Amino acid sequence: MVININETCDLVIFGAKGDLACRKLLPSLYKLEKANKLSNKMRIIGVGRANWDKNTYSDIVYKSLQQFMKIKIEEHVWKNLFSRLEFCNLDVNDTHSFHKLKPILCRSNHLIIYYFAMPPNTFSAICKGLGKVNLNLDSTRIIIEKPLGSSLKTSKKINYEISKYFLENQIFRIDHYLGKETILNLIAFRFSNSLFYYNWNNKFIDHIQITIAEKIGVEGRNKYFDNTGQIRDMVQNHLLQILTIITMSQPINLCSNNIQNEKVKILKALRPFDNINIHNKVVLGQYSENIINGKKIPSYLDDIRKKEHSNTETFVSMKVNIDNKRWYGVPFYLRTGKRLPKKCSKIVIFFKNVPVNIFNNHQNNLPKNKIIIYLQPNEGINIQILNKIPGLEPNYKLDKINLNFNYNRGFKQIELFDAYDRLLLESIRGNQALFVRKDEVELAWKWIDSIFNSFNICRNPPILYPSGTWGPVLSNIMIEKDGYTWN
Ligand code: BG6
């Protein structure tokens, strides 16, 4: 599918040589270039404190593409990308230096998108600098990324600082999960298939499990992660986005505000934690050393090079309730962790058993129907139903069978793009549906605050689990108490 982009934009990247730019943005721009999805005249303007000219910056870009791209860099693609690159030397903490950006941007009358690929404590300074030289025109957009605060209070502060210079319809808050093909497909799966559409509620669904498991540890992000932890790093954003999309009611159409309105209704209906229910509903863990296949896997403390203890959780599992008409009584089990046995994100929807089991004489406890949606890797959908085992025996014998759909096999000819490829493109198109609205971020933080306000982390520090296992045993006990097991 060739997408035409009519809008020509200039993309200004603050933090031009930072980790986000090098690992994610530049490879995405390369892929979009290769796929011919960038408009001819679009420019990419790196901003940073270094005193670079175009050529030095281009060398840096080329080297980082070599380092982070999994594919070979093609000469003609690079040539096109190179022609778009410019560099502006500017210190975001020096408001006066923003005047240097003006002549570069005024050379064209393109739509301008500012990507703040820098930590949130710089956002206010960047906005102020742009405001000072009137570069925050109504026609501009900004893209910002987490961590958008660490609590309701701090996220409100970030939102407030930005709102002094940009309106909500100019602000694109990234949660990269919203750019994943399989997350977008959740909307199609739920709202276009009558087979599931009518059954998506507490009358038919028994419970839902959502897992985001990672094999990796903290990967050198020691300070950031130790101050953040798995709940703030993964639950506040990615897991809650999945939860809201899988549970929201049908929006009246696909316009961003209508989708976001439905997600917000779910966030408002999340039952908050309190100091009584929290202990049965939330399990925190931290990985410890282990030997896997003869290889020593370091503990979290070794990874972050900390000698004394840390109360930061690298694993969390929780039971969540949504107090609205559609979901009352359906438990949602969420878990996410680092150094688990494998990388795997999936949603498992368990349906209730039929009300009367006529096969009861031969088999009771028939397994529940379930839908497993594999978000990554090996994206696909698996539906488990019951089937008669063929044979001449007088009695019915049932067993579960799998109906499988796998993206790699099903869409062999179609290239699957990464989340950042899509999100960059959608920000150019101005489609905010794949971005997070202010009230979504704040409601998510309000609910996360209820966890930290109810937990006395010093009295209940995370439980150690050996690297390469599925978290503390208590996580299994939590779900087994309700008569279930993790899928
Ligand atoms: C990021 C988190 O947002 O998502 C990381 O900060 C995590 O800690 C990453 O590793 C996981 O993303 P993905 O796309 O690999 O599931």
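Residues numbered from 1 in each chain as written. Predicted model: local features only at pLDDT ≥ 70, side-chain atom pairs only at ≥ 80, totals over all residues. Heavy atoms only, no water.

**As for helix 5 (residues 123–132)**
Within helix 5 the residues assigned to the buried category are F123, I126, C127, G129, L130 and G131. Turning to helix 5, the residues buried within the fold contact strand 1 (9–14), helix 4 (101–106), strand 4 (111–116), strand 5 (140–145) and helix 6 (152–163). Immediately downstream of helix 5, the backbone of N134 shows phi near 55 degrees, a positive value. (Buried < 20%, exposed > 50% of the residue type's maximum accessible area, 1.4 Å probe, protein only. Helix = DSSP H or I, 4+ residues; strand = E, 2+ residues; numbered from the N terminus. Contact = heavy atoms within 4.5 Å.)

**Points about the pattern of salt bridges**
If charged atoms from side chains of opposite charge come close, those side chains can pair. Under the counting rule described, the total for this entry stands at 24 salt bridges. The partner of D323 in a salt bridge is R271, with the nearest N and O atoms 2.8 Å apart. Of this pair, D323 sits in the loop between strand 11 (315–320) and strand 12 (332–337) while R271 sits in the loop between helix 10 (256–269) and helix 11 (278–281), and the two are 52 residues apart along the sequence. Accessibility expressed as a relative area gives 35% for D323, which makes it partly exposed. The exposure class assigned to R271 is partly exposed, which follows from its relative accessible area of 26%. A network of salt bridges, in which partner residues are shared, links K146, E214, R221, D233 and K338. (Salt bridge = Lys/Arg side-chain N within 4 Å of Asp/Glu carboxyl O.)

**Let's talk about the environment of N353**
Among the secondary structure elements, N353 is positioned in the loop between strand 13 (344–351) and strand 14 (370–376). For N353, the contacting residues outside a window of four places in its chain are L366, P367 and K368.

**Looking at the packing of helix 6 against helix 15 (residues 438–454)**
At a closest axis distance of 8 Å, the pairing of helix 6 and helix 15 adopts a crossing angle of 160 degrees. Considering the angle they form, helix 6 stands roughly antiparallel to helix 15. Along this stretch, helix 6 crosses helix 15, giving a crossing that reads as right-handed. Of the residues in helix 15, those touching helix 6 at L152, S155, K156 and N159 are K438, V441, E442, W445, K446 and D449. (Axes fitted to C-alpha atoms, helices over the stretch in contact; angles between N-to-C directions. Parallel < 35°, antiparallel > 145°, perpendicular 65-115°, else oblique. Left-handed = near helix turned anticlockwise from the far one by under 90°.)

**A few points about empty space enclosed by the protein**
A water-sized probe, rolled over the atoms, reveals where empty space remains. A complete count under the given rule lists one cavity of 30 Å³ or more for this structure. Within this model, the largest cavity holds a volume of roughly 160 Å³. Listing elements by their share of the lining of the largest cavity, those giving two or more residues are strand 6 (171–174), helix 9 (222–247) and helix 15. Broken down by element, the lining of the largest cavity gets its largest block of residues, five residues, from helix 9. Looking at the lining of the largest cavity residue by residue, the classes come out as eight nonpolar, four polar and four charged. (1 Å grid on protein atoms, 1.4 Å probe; cavity = no way out; pocket = protein on both sides within 12 Å on 5 of 7 lines; lining within 4 Å. Points joined across faces, edges and corners; volume = space filled by probe spheres on them. Nonpolar A, V, L, I, M, F, W, Y, C, P; charged D, E, K, R; others polar.)

**Some thoughts on the pairing of strand 6**
Burial of the side chains of strand 6 extends over both faces: I171 and R173 are buried on one face and F172 and I174 on the other. The pairing of strand 5 with strand 6 spans four bridges and is parallel. Each residue of the ladder has a partner; that of I143, found in strand 6, is F172. You can see the chain leave strand 5, run along helix 6 and come back into strand 6, and the turn it takes is right-handed. (Pairing = 2+ DSSP bridges. Right-handed = clockwise from strand over helix to strand, strands pointing away.)

**Some thoughts on the packing of aromatic side chains**
The full count for this structure, using the stated rule, is 25 aromatic pairs. Measuring from ring centre to ring centre gives 6.3 Å for W52 and Y57, while their planes differ by 20 degrees; the resulting arrangement is stacked. Among the residues examined, Y57 registers a relative accessible area of 1% and is labelled buried. Where F225 meets Y300, the ring centres are 6.1 Å apart and the plane angle is 65 degrees; that geometry is what we call edge-to-face. You can see F225 sitting in helix 9 and its partner Y300 sitting in helix 12 (residues 300–303), a full 75 residues away along the chain. Of the two residues, F225 and Y300, both sit in the buried class. Within the aromatic cluster, the residues linked to one another by ring pairs are F14, F98, Y114, F116 and F123. Taking NZ or CZ as reference, K180 lies 4.6 Å from the ring centre of Y177, over its face. (Phe/Tyr/Trp six-rings, centres within 6.5 Å; stacked < 30°, edge-to-face > 60°. Lys NZ or Arg CZ within 6 Å of the ring centre and 35° of its normal.)

**Quick notes on the sheet that holds strand 15 (residues 380–388)**
Reading across from one edge, 16-15-14-13-7-12-11-8-17 is the order of the nine strands in this open sheet, with mixed pairing throughout. Because the sheet does not close on itself, it has two edges, and the strands there are strand 16 (398–406) and strand 17 (463–466). Across this sheet, the average inter-strand angle for adjacent strands is 20 degrees, counted without regard to direction. Looking at chain direction, strand 13 and strand 14 are connected through six bridges and run antiparallel. Bridging from a neighbouring strand, I347 pairs with I373 of strand 14. Of the strands in this sheet, strand 13, strand 14 and strand 15 are in contact with helix 7 (residues 181–192), which crosses strand 14 at around 150 degrees.

**What to know about the side chain of S427**
Here S427 shows up in helix 14 (residues 419–429). Setting aside its immediate chain neighbours within four residues, S427 contacts I113, R141, I143, F172 and F435.

**Quick word on the site of the ligand**
Every residue close to the ligand is listed here: K146, H176, Y177, K180, E214, R221, D233, M234, H238, K338, K343 and Q376. Residue H176 places a side-chain N or O atom 2.8 Å away from an oxygen atom belonging to the ligand. One of the side-chain nitrogen or oxygen atoms of R221 is found 2.4 Å away from an oxygen atom of the ligand. In the complex, 82% of the free accessible area of the ligand, which totals 400 Å², lies under the protein chains. (Near = heavy atom within 4 Å. Polar contact = N/O pair within 3.5 Å; in protein donor to acceptor, adjacent residues only side chain to side chain. Areas by Shrake-Rupley, 256 points an atom, 1.4 Å probe, with all protein chains shown as cover.)

**Points about the nonpolar core**
Ranked by internal contacts, the top residues of the largest apolar core, which has 86 residues, are F14, L101 and Y114. With nine residues, the top contributor of residues to this core is helix 9. Within the second largest apolar cluster, 40 residues are counted, among which are L11, L65, V77 and L423. (Core = buried A, V, L, I, M, F, W, Y, C linked by side-chain atoms within 4.5 Å.)

Function-wise, these values are silent; they only describe arrangement.
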